[in-house]
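Listed here are the chains, written in short residue letters.
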Amino acid sequence: MSLVVDNKSAVTQNLLEQLQKNSGKIAFMPDAEIVSAIRLLEDKGIPNNKHEDYKYCNIEAVLRKEFKTVEQSFNELTNADIAPLKIDEAINLVVVNGNYNEALSEKMIVKGLTVKSLNELSSSEKTLLSSQAKSDTDALIALNTAFTGNGLFLQVDTKNIIPMPLHVIYVNSGNSSNVTNTRNFVNIQASAEVTLIESFYNIGTAKVFSNFVSEKFVGENAKLTCYTFQNEGALSYSVNTNQVKISKYSNYTNNTFTLSGELVRNNHNVVLSDSNCEAHLNGLFISNGTQSVDNHTLIDHQMPHCESNELYKGIAKDKSVGTFNGKIFVRKDAQKTNAYQSSKNILMSDDATINTKPQLEIYADDVKCSHGTSTGKIDTEALFYLKARGIGEESARKLLLQAFAQELIDKIEIPSLQERVLHLFEKAL
């Protein structure tokens, strides 16, 4: 496919040329979607800080500075490389550099569960792709659509409850700068239930820009509980987009823990498309050095008698930047909506920055909606209280920060994952 890119978007032109030269594309995305994606990239280019939604997260500058050439040189991984990343209580599936790796994934036959790569999809399954993550509205989704790797398709059939959590390990590994576009599709059919853990790592020796898109559908009376664990290290720059659609009487919960990554941008968009469904989004991050963590959420209430809850907490140290921008959208037909949003943050140094922007856009008149945000330093009275009882200042600060984060860590119902998050959180402190 010939790529003609507007000269005003030099970063986009360079990126597309490099990706086409080094990796090409997997031909499972519909041609119309690919053409639409490339046109959007030509028109809008990669987001920079002139885009309101990316005011504190200049993706174009990162690509211009860090990824001028993309050699796409990947390291081969073995089971020994993946073993430390696995979770004992879960079925572990592995995606390497954007491609589902069946050889490194655990082999287990579970009734009602389908796991396969995207290029194995049937014609009817292919029609589901890009139905939720529209490539004609977001430049990074468009980039993923045009150049995505051979990602993961996961489906739980009607009325099936998967007894063990599914753990998808997304790992990047290379010895030269690379850009990966990872895609997955999760389809939870009516009255089905599953717990999904998604972990992100970089175990290579080079910088990586990871552009991840996940489409999730939760059928009528179904339940999907997700844990997102981000620990990619100082060589990683990532944009993670979740496009979720939930149906009548369904329940969707996501808990996101961001513990490392030089730049982490999370876009979490949830559509409550039918009545009597609910969504719960929770997030915890700790940032160090010059790290930037940017959480954007959109909860779209389209029908009546639905509920959403959001709680995001952040701790910013050194010269790092934390951002939370959450929007609750209540449409005219979404009467009897209950929607709550809270962002709480602690600044650990004078050079750290927290940006918060909670938003409500309400067109219905019979709703209960609220949002709030707070940013400050450690409570000096509580710190004095602990020191007065013989606890050293460093230990006292650590105790207070752990107490601040514990509400979210306690939401992890998988013991080994909770232990891992707590250990790395304490290490980051």
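Up top is the structure these notes are about.
Described in the following lines is the structure provided in the data block. Predicted model only: the values in this text are computed from it and were never measured.

The next thing to look at is the sheet that holds strand E4 (residues 152-156). The 9 strands are arranged E3-E4-E6-E8-E10-E12-E14-E16-E18 in an open sheet whose pairing can be described as mixed. This sheet does not close on itself; its edge strands, each paired only once, are strand E3 (113-117) and strand E18 (353-362). Strand-to-strand, the axes of this sheet are offset by a mean angle of 10°, without reference to chain direction.

In this structure, Asn221 is a non-glycine residue whose phi angle is positive, near 60°. Here Asn221 lies in the loop between strand E8 (208-218) and strand E9 (223-231). By relative accessible area, Asn221 is classed as partly exposed at 46%. For Lys336, which is not glycine, the phi torsion reads 60° and is therefore positive. By secondary structure assignment, the location of Lys336 is in the loop between strand E16 (321-330) and strand E17 (337-347).

If you trace the backbone, Ser199 turns up in strand E7 (residues 193-202). Relative accessible area serves as the criterion here: at 0%, Ser199 is assigned to the buried category. Residue contacts for Ser199: discarding those within four places in its chain leaves His167, Val168, Ile169, Tyr170 and Phe229.

Here the focus is the pairing of strand E12 (residues 263-272). In terms of burial, E12 is a largely internal element, 10 of the 10 residues being buried. Residue alternation in E12 divides its side chains into two sets, Leu263, Arg265, Asn267, Asn269 and Val271 and Val264, Asn266, His268, Val270 and Leu272, and both sets are buried. Relative to E12, strand E10 (residues 236-246) runs parallel, the two sharing 10 bridges. Note that in E12 the partner of Asn240 across the bridge is Asn266. As paired strands, E12 and strand E14 (residues 292-301) are joined by 10 bridges and run parallel to one another. Looking at E14, one finds that Leu263 is bridged to Ser292.

For the rest of this paragraph, the subject is the packing of helix H8 (residues 393-409) against helix H9 (residues 415-428). Where H8 contacts H9, the axes come no closer than 11 Å and their chain directions differ by 150°. One way to sum up the angle between H8 and H9 is to call them roughly antiparallel. As H8 packs across H9, the resulting crossing turns out to be right-handed. Across from Lys398, Leu401, Gln402, Ala405, Gln406 and Ile409 in H8, the residues of H9 making contact are Gln418, Val421, Leu422, Phe425 and Glu426. Residues of the contact of H8 with H9, tallied by class, amount to 6 nonpolar, 3 polar and 2 charged.

With 37 residues, the main nonpolar core has Phe257, Leu417 and Phe425 as its most contacted residues. The element that contributes the greatest number of residues to this core is H8, accounting for 6 residues. Each residue touching Phe257, except ones within four places of it in the same chain, is listed here: Tyr227, Thr228, Phe229, Gln230, Leu284, Leu408, Ile409, Ile412 and Val421. Counting residues in hydrophobic clusters, the runner-up holds 36 residues, among them Val156, Leu166, Val194 and Cys306.

The next thing to look at is the packing of aromatic side chains. A full pass over the atoms with the stated rule returns 10 aromatic pairs. Look at Tyr170 and Phe212: their rings are 4.9 Å apart centre to centre, the planes differ by 65°, and that puts the pair in the edge-to-face class. With Tyr170 in strand E5 (residues 166-172) and Phe212 in strand E8, this pair connects stretches of sequence that are 42 residues apart. Taken together, a centroid distance of 5.7 Å and an interplanar angle of 50° make the contact between Phe329 and Tyr363 tilted. Of the two residues, Phe329 is situated in strand E16 and Tyr363 in the loop between E18 and strand E19 (367-376); the sequence distance between them amounts to 34 residues. We classify Phe329 as buried; its relative accessible area is 16%. Aromatic ring contacts, followed pair by pair, group Phe67, Phe209 and Tyr237 into a single cluster. For the cation-ring pair, Arg265 lies above Tyr54, with the distance from its terminal atom to the ring centre recorded as 3.9 Å.

Here is what the cut-offs are and how they apply
Residues numbered from 1 in each chain as written. Predicted model: local features only at pLDDT ≥ 70, side-chain atom pairs only at ≥ 80, totals over all residues. Heavy atoms only, no water. Pairing = 2+ DSSP bridges. Helix = DSSP H or I, 4+ residues; strand = E, 2+ residues; numbered from the N terminus. Axes fitted to C-alpha atoms, helices over the stretch in contact; angles between N-to-C directions. Buried < 20%, exposed > 50% of the residue type's maximum accessible area, 1.4 Å probe, protein only. Contact = heavy atoms within 4.5 Å. Parallel < 35°, antiparallel > 145°, perpendicular 65-115°, else oblique. Left-handed = near helix turned anticlockwise from the far one by under 90°. Nonpolar A, V, L, I, M, F, W, Y, C, P; charged D, E, K, R; others polar. Core = buried A, V, L, I, M, F, W, Y, C linked by side-chain atoms within 4.5 Å. Phe/Tyr/Trp six-rings, centres within 6.5 Å; stacked < 30°, edge-to-face > 60°. Lys NZ or Arg CZ within 6 Å of the ring centre and 35° of its normal.

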